[in-house]
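# Residue-level structure breakdown
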Amino acid sequence: MSDAPPPPEEPAAPQTAPTPRDPRPGGSIWGGVGIGCGAYVLFGALMLPLIGAGLFAGFGGLILYFLVPAIVGVFVALSERARRIGLGMLIAAAASWLVVIGPCMGLLSGL
């Protein structure tokens, strides 16, 4: 037997971690916010001619304008695959209540 030291081990090659993929299916929340904002723009463009025709008049019609995208967002959020898109649509719905209805109600009530 020889008392020679064992040969030095070669250093291991640096391991690069694979880039992590998003494991959740579906789109992003920002995509849902964009879809929600687009829905309000589309409904706004449709609401003006309907108000002129007398088919979409009154406070109930205005509330319906704000509730339809929110209800659609709730139903989309129920799907596990598209949950983040639905939550983005609900964020847009909440922002529309804060941005549009709040100041309008304040102006109408004389504040």
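As the structure is a prediction and not an experimental result, all values here were calculated from the model. The written sequence of each chain sets the order in which its residues are numbered from 1. In view of the model being predicted, local features appear only for residues whose pLDDT reaches at least 70, and side-chain atom pairs are presented and counted only at 80 or more, with totals across whole chains, interfaces and linings using the full set of residues. Side-chain measures here rest on the full set of heavy atoms in the structure, leaving out hydrogens and waters.

### Details of helix α3 (residues 83-109)
Labels follow the DSSP assignment, with helices taken as runs of H or I lasting at least four residues and strands as runs of E lasting at least two, numbered in each case from the N terminus. The span expected for a helix works out to 1.5 Å for each residue beyond the first. Helix length check: α3 (27 residues) gives 37 Å between terminal C-alpha atoms against 39 Å at 1.5 Å per residue, within 8%. The largest bend in α3 is about 30°, located at Ile 101, with the proline Pro 103 one to four residues further on. Arg 84, Gly 86, Gly 88, Met 89, Ala 92, Ala 93, Ser 96, Ile 101 and Gly 106 are the residues of α3 that are buried. Fitting axes to the seven residues ending at a residue and to the seven starting there, one defines the bend at that residue as the angle between these axes. Think of it in three bands: with a 1.4 Å probe and only protein chains considered, a residue is buried below 20% of the maximum accessible area for its type, exposed above 50%, and partly exposed in between.

### Observations regarding a nonpolar patch on the surface
Note on patches: the residues involved have over 30% relative accessible area and no salt bridge, like charges join within 9 Å, and the nonpolar side chains Val, Leu, Ile, Met, Phe, Trp and Tyr join within 5 Å. Surface accessibility in these figures is a Shrake-Rupley result with a 1.4 Å probe; residues are shielded only by whichever protein chains are displayed. In what follows, salt bridge is the name for a side-chain nitrogen of Lys or Arg lying within 4 Å of a carboxyl oxygen of Asp or Glu. A surface patch of nonpolar side chains, about 580 Å² in accessible area, is lined by Leu 67, Ile 71, Val 74, Phe 75, Leu 78 and Trp 97. Residue classification places Leu 78 among the exposed positions, given a relative accessible area of 59%.

### Re the nonpolar core
Soluble globular proteins: nonpolar side chains tend toward being buried together. The nonpolar core is taken to be a set of buried Ala, Val, Leu, Ile, Met, Phe, Trp, Tyr and Cys residues, with the residues joined through side-chain atoms within 4.5 Å. One finds Tyr 40, Met 47, Tyr 65, Phe 66, Ala 70, Ala 93 and Ile 101 forming the largest nonpolar core, which totals seven residues. When contributions to this core are tallied by element, the ones reaching two or more residues are α1 (29-53), α2 (58-78) and α3. Ranked by the residues each element gives to this core, the list is headed by α2, at three residues. Residue contacts for Ala 93: discarding those within four places in its chain leaves Tyr 40 and Ala 70. Two residues form a contact once any of their heavy atoms are found within 4.5 Å.

### Quick word on the packing of aromatic side chains
Classification of ring pairs uses Phe, Tyr and Trp, with its six-membered ring standing for Trp, and accepts pairs whose centres are within 6.5 Å; under 30 degrees between planes counts as stacked, over 60 as edge-to-face, and the remaining range as tilted. Per the counting criterion, the structure on display carries two aromatic pairs. Ring centres of Tyr 40 and Phe 66 lie 6.0 Å apart, and the angle between their planes is 40°; this geometry places the pair in the tilted category. Pair noted here: Tyr 40 is in helix α1 and Phe 66 is in helix α2, with a separation of 26 residues, a long-range link. With a centroid separation of 5.8 Å and 45° between ring planes, the pair formed by Phe 66 and Trp 97 is classed as tilted. On the criterion of sequence distance, the pair formed by Phe 66 in helix α2 and Trp 97 in helix α3 is long-range, its members being 31 residues apart. Residue classification places Phe 66 among the buried residues on the basis of a relative accessible area of 3%. A relative accessible area of 31% means that Trp 97 is categorised as partly exposed. An aromatic cluster is defined as three or more aromatic residues linked by ring pairs; in this entry it consists of Tyr 40, Phe 66 and Trp 97.

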